[in-house]
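# Descriptive analysis of the structure
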Amino acid sequence: AGFIKSPLSQKRLTQDSVELYCEAIGNPIPEIQWWFEGNEPNETYAQLWDGARQDRVKINATYNLHSTSTICIANLSSEDSGMYECRASNDPDRNHLSKSPKVKWIRSQANVFVIERPDIKTQVTTVAGKVILSCNMTTPSLAIDGHEWIHGDKILQTDKDSSLFTSHTIEGKMEEHSGIYECVYKTNPEIKGQVNISVAPQVVAYKKSEHGNEGDTGVLTCKCSSFPAVKTWVWYKNGQEVSAAIINGSGRYIIKSSGNKTELRILKLSIEEDMGDYHCNATNDYGFGGAVINLRVRSRLAALWPFLGIVAEVLVLVTIIFIYEKRRKPDEVPDGKSG
């Protein structure tokens, strides 16, 4: 027996992908093949291979106890609409070109409809301290049962309106709410539009002031959670030109930057050379931003000062007691008793 476990009728949008899954049971273990018949009147079934349709077709099969096979078609176009057929057989002559198989292929089918993706115009506007996101479907093709607005994993707004236009209002400045937002049209299949709030990097220092001991390693960190991601990070010390930026691996400096975070490590801190303000500057396609971190370097003896102070206080106290005892008059000797 063989059958397709995916839904037998699927709707997809152009540029999306579709995946079909097939299983077959038999002894010996049957082979699984995928075939396709388009919607053209004179079109007949043709076998599909891994890498077909300019490498948009991927087929993965396993033969262990029973047969399983998955076909995935990426970047769908209207030509991908049609009937997909999973065929399974364990007849030894199943692939012989001149012999008719003793056992027919067992077949299971799924119909895939590829619908032209409608055009959605998106816009971001700011009005009186508010940010308004909007989507407008200009080429409607499916019935709309409502909308959703999504940011990351959070649903911000939902309605049951059938309008082609939908909007979402955010209180505050763009810099505080940058990121990727999605307007979702409740259709079959769902249609999504992407609205980006893009700003220059909003950089913050992990700590505005850092302390380190002489000879230790100092670590300064800056972060940026705004969208889009940072392209380049630059560090330089106060009093230097930006063009004289700190170079990773030069001298005692090590810089580690990954996306929206950068870290400057200074090896063997020196009081004379390393104290001061350090600037971390970030750049993306919309501009640049930066933050300042003040680094203070303490002498290695600094940790001993409290202990030495206590020792000094004890010594002074002992000295005072010793002097007092020395200067105090001895007690008078009592008179002896007469016999």
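So, here's what we can say about the structure. (Residues numbered from 1 in each chain as written. Predicted model: local features only at pLDDT ≥ 70, side-chain atom pairs only at ≥ 80, totals over all residues. Heavy atoms only, no water.)

### Side note on the sheet that holds strand E22 (residues 261–266)
Consider a sheet: its strands pair through backbone hydrogen bonds, and that pairing is either parallel or antiparallel. Applied cut-off: Two strands are said to pair when DSSP picks up at least two bridges between them. The numbering of helices and of strands both runs from the N terminus, where a helix is a DSSP run of H or I of at least 4 residues and a strand a run of E of at least 2. To get an axis, fit a line to the C-alpha atoms, keeping to the stretch in contact for a helix; angles then go from 0 to 180 degrees between the N-to-C directions.
In space, the 4 strands of this open sheet follow the order E17-E19-E22-E21, with antiparallel pairing throughout. Because the sheet does not close on itself, it has two edges, and the strands there are strand E17 (203–205) and strand E21 (253–258). Pairs of neighbouring strands in the sheet enclose a mean axial angle of 20 degrees, with direction left out of account. Summarising the sheet, E17 and strand E19 (residues 218–224) pair through 3 bridges and their orientation is antiparallel. Looking at the pairing, alanine 205 lines up with cysteine 222 of E19.

### Here's the deal with the packing of aromatic side chains
Aromatic ring pairs: the centre-centre distance and the angle between the two ring planes describe each pair. Rules: A pair of Phe, Tyr and Trp rings is counted when the ring centres sit within 6.5 Å of each other, with Trp represented by its six-membered ring. The angle between the planes then sorts it: under 30 degrees is stacked, over 60 is edge-to-face, the rest tilted. Burial classes: relative accessible area under 20% of the type maximum marks a residue as buried, over 50% as exposed, and values in between as partly exposed (1.4 Å probe, protein chains only).
As enumerated under the stated definition, the model contains 1 aromatic pair in all. Centroid distance phenylalanine 36 to tyrosine 84: 4.7 Å. Interplanar angle 45 degrees. Geometry classified as tilted. A residue pair is termed long-range when its members are at least 10 positions apart, and phenylalanine 36 in strand E4 (residues 31–38) and tyrosine 84 in strand E8 (residues 82–89) qualify at 48 residues. Here phenylalanine 36 and tyrosine 84 have matching classes, each one buried.

### A look at the environment of glutamate 190
Note the following rule: The contact definition used throughout considers only heavy atoms, calling two residues in contact when any of these lie within 4.5 Å. Any pair of N or O atoms that falls within 3.5 Å is considered a polar contact. Within protein, one atom must be able to donate a hydrogen and the other to accept it, and sequence-neighbouring residues count only if both atoms are side-chain atoms.
Within the fold, glutamate 190 resides in the loop between strand E15 (179–185) and strand E16 (191–197). We classify glutamate 190 as partly exposed; its relative accessible area is 37%. The spacing of glutamate 190 and histidine 147 is 43 residues in sequence and 9.9 Å in space, taken between C-alpha atoms. With residues near it in sequence (within four places) discarded, glutamate 190 still touches Leu13, Val184 and Tyr185. There is a polar contact of 3.0 Å between the side chain of glutamate 190 and the side chain of lysine 186.

### Some thoughts on a nonpolar patch on the surface
Definition in use: For patch building, the residue pool is restricted to those with more than 30% relative accessible area and no salt bridge; the joining distance is 9 Å between like charges and 5 Å between nonpolar side chains (Val, Leu, Ile, Met, Phe, Trp, Tyr). Using a 1.4 Å probe, accessible areas were evaluated by the Shrake-Rupley method; residue-level cover was limited to the displayed protein chains. Should a side-chain nitrogen of Lys or Arg be within 4 Å of a carboxyl oxygen of Asp or Glu, the pair is scored as a salt bridge.
Together, Ile310, Val314 and Val318 give the surface a local cluster of nonpolar side chains, amounting to about 260 Å² of exposed area. With respect to the helices and strands, valine 314 occurs in helix H3 (residues 305–327). Given the relative accessible area of 46%, valine 314 is considered partly exposed.

### Some points on the nonpolar core
In plain terms, the rule: Residues belong to a common nonpolar core when they are buried Ala, Val, Leu, Ile, Met, Phe, Trp, Tyr or Cys residues joined through side-chain atoms within 4.5 Å.
Val203, Cys222, Trp235, Leu264 and Tyr278 are the most contacted members of the largest nonpolar core, which totals 21 residues. Among the elements of the structure, E17, E19, strand E20 (232–237), E21, E22, strand E23 (276–284) and strand E24 (287–298) are those that each provide at least two residues to this core. Ranked by residues supplied to this core, first place goes to E24 with 4 residues. Ranked by size, the runner-up nonpolar core spans 20 residues in total, among them Phe36, Ala52, Tyr84 and Val112.

### Quick notes on the pattern of salt bridges
Under the definition given, this model contains 14 salt bridges. Among the salt bridges present, the one from arginine 117 reaches aspartate 16, with a minimum N-O distance of 2.6 Å. Of this pair, arginine 117 sits in the loop between strand E9 (106–115) and strand E10 (120–127) while aspartate 16 sits in the loop between strand E2 (9–13) and strand E3 (18–24), and the two are 101 residues apart along the sequence. A residue is classified by how much of its surface remains accessible, and aspartate 16, at 26% relative accessible area, is partly exposed. With a shortest N-O distance of 2.9 Å, glutamate 263 and arginine 265 are connected by a salt bridge. For arginine 265, a relative accessible area of 29% puts it in the partly exposed group.

### Notes on the pairing of E16
The side chains of a regular strand alternate between the sheet's two faces. The alternating pattern of E16 places Ile191, Gly193, Val195 and Ile197 on a buried face and Lys192, Gln194 and Asn196 on a face that is not buried. Looking at chain direction, E15 and E16 are connected through 7 bridges and run antiparallel. Bridging across to E16, glutamate 182 finds its partner in glutamine 194. Counting the residues that bridge the hairpin from E15 to E16 gives 5 residues.

### Comments concerning unusual backbone geometry
Negative phi is the rule for most residues except glycine; trans is the rule for most peptide bonds. Residue proline 189 is bonded to the preceding asparagine 188 through a cis peptide linkage, with omega at 0 degrees. Omega for the bond connecting phenylalanine 227 with proline 228 falls within 30 degrees of zero, at 0 degrees, which places this linkage in the cis form. Looking at the element boundaries, proline 228 is found in the loop between E19 and E20. Positive phi values are uncommon outside glycine, yet arginine 53 reaches one of about 50 degrees. Among the secondary structure elements, arginine 53 is positioned in helix H1 (residues 52–55). You will see that alanine 128, though not glycine, has its phi angle at about 50 degrees, which is positive. Here alanine 128 shows up in the loop between E10 and strand E11 (130–137).

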